[in-house]
Amino acid sequence: MKANYITDFDQWKREFSFSAPVQVRFSETDMFGHVNNTVPIAYFEFARIEYMKELGLMQRWLKGDGELFPVIADMQVDYTQQVYFDEMLDVFVKIASVGRSSIDIHYWVVNAKGETCFTGRGAMVQISKATGKGHPWTAEEKELFENKQLISSEN
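Think of each chain on its own: its residues are numbered from 1, step by step along the sequence as written. Side-chain atom pairs in this predicted model are given and counted only at pLDDT of 80 or more, local residue features only at pLDDT of at least 70, and totals for whole chains, interfaces and linings cover all residues. Hydrogens and water are ignored here; the side-chain numbers use all heavy atoms of the structure.

With respect to the sheet that holds strand S2 (residues 68–79)
As a general point, the strands of a sheet are linked pairwise by backbone hydrogen bonds and lie either parallel or antiparallel.
So, point 1. Being paired, for any two strands, means DSSP has found at least two bridges between them. Secondary structure elements are taken from DSSP: a helix is a run of H or I of four residues or more, a strand is a run of E of two residues or more, and numbering for both begins at the N terminus. With antiparallel pairing, 5 strands are arranged side by side in an open sheet as S1-S3-S4-S5-S2. The outermost strands of the open sheet, each flanked by one partner alone, are strand S1 (18–23) and S2. Ignoring strand direction, the axes of neighbouring strands in this sheet form an average angle of 25°.
So, point 2. In this analysis, two residues are considered to be in contact whenever any of their non-hydrogen atoms come within 4.5 Å of each other. Angles shown run from 0 to 180 degrees and are taken between the N-to-C directions of axes, each axis being a line fitted to C-alpha atoms and, for helices, limited to the stretch in contact. Along the sheet, helix H2 (residues 39–55) makes contact with S1, S2, strand S3 (88–98), strand S4 (102–111) and strand S5 (116–128), crossing S1 at roughly 135°.
So, point 3. Running over the sheet, helix H4 (residues 139–147) touches S3, S4 and S5 and is turned about 125° from S3.

Looking at the nonpolar core
So, point 1. Residues enter a nonpolar core if they are buried and are Ala, Val, Leu, Ile, Met, Phe, Trp, Tyr or Cys, with the set joined through side-chain atoms within 4.5 Å. Residue exposure (1.4 Å probe, protein chains only): buried if accessible area is under 20% of the type maximum, exposed if over 50%, otherwise partly exposed. One finds Tyr43, Met52 and Phe118 to be the most contacted residues of the largest nonpolar core, which totals 32 residues.
So, point 2. Only S1, H2, helix H3 (57–62), S2, S3, S4, S5 and H4 provide two or more residues apiece to this core.
So, point 3. Apart from residues lying up to four places away in sequence, Tyr43 is in contact with Val22, Val24, Glu28, Val35, Leu89, Val91 and Phe118.
So, point 4. Ala3, Ile6, Phe92 and Trp108 belong to the second-largest nonpolar core, a separate cluster that totals 9 residues.

Following this line, the structure appears as structure tokens:
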């Protein structure tokens, strides 16, 4: 594993506690029968949204009168193994670091045999609708990201 955001792979993968299952659809494969290289980003998005729902943040962002929304600032995918139609994958998500208005999110995708298929990382920024600029995380949100504790979806 040579991804520049992973220093110790065994330690890195032990830090994941959340995953979302994905089954590879036929429409996600290319003429060789394996997953198209653009598809892992969609898997990352799906798992990230499920994770943010678990944290209770997605519900806040989706409120019609909400002032804030998340934006993906960058995305990196590292491909380690081919994946084929109908395979079952687990897409793991974790917050690697927390900034003033951004978080660095890491992804680890494994197949049913537990083999690593993709890894990745991306920055997500919380944006203010009023200013169009990054909006700082609250102390509660920072604690949530740093401690990986779930909050009520009613918040």
